[in-house]
Amino acid sequence: MAFIVFEGLDHSGKSTLVQSLSKELKNRNIEFVLTREPGGTTLGEKIREVVLHPYDPISPEVEILLISASRRDHIEKVIMPSLEGGKWVICDRFWPSTSAFQGAGRGLPAERVKWLNQFTVPEHIAPDLWVLLDMPVVEKERRSQIQGPSSDRFEMQDKIFHQRVRESYLSMAKENKDSWFVLNALLPKEELKKQVLEELKKRKWLHR
């Protein structure tokens with residue numbers, strides 16, 4: 001059993017890598033739950049729609065409270081029951097996204113963000129591994145242009161915002177080297193998958 005979270009800038013290839021890992025786990029007959037944040041539950045998906053799409057402007061404070069509410073519901077209804085049932089949990093984003101996007105990106109006070117993360121996430125709900133797909137912001141912008149215009153609230157932020165987010169992620173990974181695995185998101189998809197699988201084998205969660 002393992003709790004693995006994928007983090008990174010938008011367009012870093014998280015979703016593709018998560019799907020690839022899911023297929024591998026299925027082939028190995030490993031029971032797992034694939035989920036995401038914000039989202040993962042009926043309430044969470046409704047909050048996701050509000051948070052990601054800028055129908056109406058919301059303040060950073062409202063944004064972080066909505067995301068935290070979604071996370072707590074997600075933990076209670078999906079993550080905790082799955083782990084208690086002996087299943088792997090593969091999650092696209094978790095609390096580091098809040099530290100990176102709402103803390104570093106939006107400029108909310110770090111101590112308040114940390115407190116809210118701790119209040120929202122029970123101490124015993126700790127991922128075994130964080131996989132960070134890292135890439136330069138200029139590459140994120142290039143991939144965004146290829147996909148065309150987006151109405152995503154975060155996609156619409158400027159390069160400086162995303163640079164702060166990236167630096168926050170790298171700082172968290174540097175401070176917790178044992179639990180973070182940083183990947184170069186510029187590598188080919190198959191190579192990224194190979195490196196993740198090798199890391200899981202190294203940690204003895206997968207057999208050769």
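The coordinates are above.
Draft legend 1. Main features of the pairing of strand β4 (residues 129-134). Within β4, six of the six residues are buried, which leaves it mostly tucked inside the rest of the structure. Burial of β4 is two-sided: the residues L129, V131 and L133 facing one way and the residues W130, L132 and D134 facing the other way are all buried. Note that strand β1 (residues 3-8) and β4 share five bridges and pair parallel. Bridge assignment links V5 to a residue of β4, and that residue is W130. Across five bridges, the pairing between β4 and strand β5 (residues 180-184) is parallel. Following the sheet pairing, L132 is matched in β5 by V182.

Draft legend 2. Spatial organisation of the pattern of salt bridges. A full pass over the atoms with the stated rule returns 16 salt bridges. Across the pair K193 and E24 runs a salt bridge whose closest N-O atoms are separated by 3.8 Å. You can see K193 sitting in helix α8 (residues 189-202) and its partner E24 sitting in helix α1 (residues 14-27), a full 169 residues away along the chain. With a shortest N-O distance of 3.0 Å, E155 and K140 are connected by a salt bridge.

Draft legend 3. Fine view of the nonpolar core. Membership of the largest hydrophobic core comes to 50 residues, with the highest contact counts inside it found for F3, I4, F6, W88, I90, F94 and I125. Non-local contacts of F3, meaning those with residues more than four positions away in its chain, are made with I79, L83, V89, C91, F94, I125, A126, P127, D128 and L129.

Draft legend 4. A look at helix α4 (residues 95-105). In terms of burial, α4 is a largely internal element, nine of the eleven residues being buried. Residues of α4 that are buried sit in contact with β1, α3 (60-84), α5 (110-120), β4, α7 (159-175) and β5. Looking one or two residues beyond α4, the residue adopting positive phi is G107, at roughly 85°.

Draft legend 5. Fine view of the sheet that holds β1. A sheet is described by the order of its strands in space; here five strands give the open sequence β2-β3-β1-β4-β5, paired in parallel fashion. This sheet does not close on itself; its edge strands, each paired only once, are β2 (32-36) and β5. Direction aside, neighbouring strands of the sheet carry axes that sit 20° apart on average. Judged from the five bridges that link them, β2 and strand β3 (residues 88-92) form a sheet pairing that is parallel. Within β3, the residue paired with L34 across the bridge is I90.

About the cut-offs
Residues numbered from 1 in each chain as written. Predicted model: local features only at pLDDT ≥ 70, side-chain atom pairs only at ≥ 80, totals over all residues. Heavy atoms only, no water. Buried < 20%, exposed > 50% of the residue type's maximum accessible area, 1.4 Å probe, protein only. Helix = DSSP H or I, 4+ residues; strand = E, 2+ residues; numbered from the N terminus. Pairing = 2+ DSSP bridges. Salt bridge = Lys/Arg side-chain N within 4 Å of Asp/Glu carboxyl O. Core = buried A, V, L, I, M, F, W, Y, C linked by side-chain atoms within 4.5 Å. Contact = heavy atoms within 4.5 Å. Axes fitted to C-alpha atoms, helices over the stretch in contact; angles between N-to-C directions.

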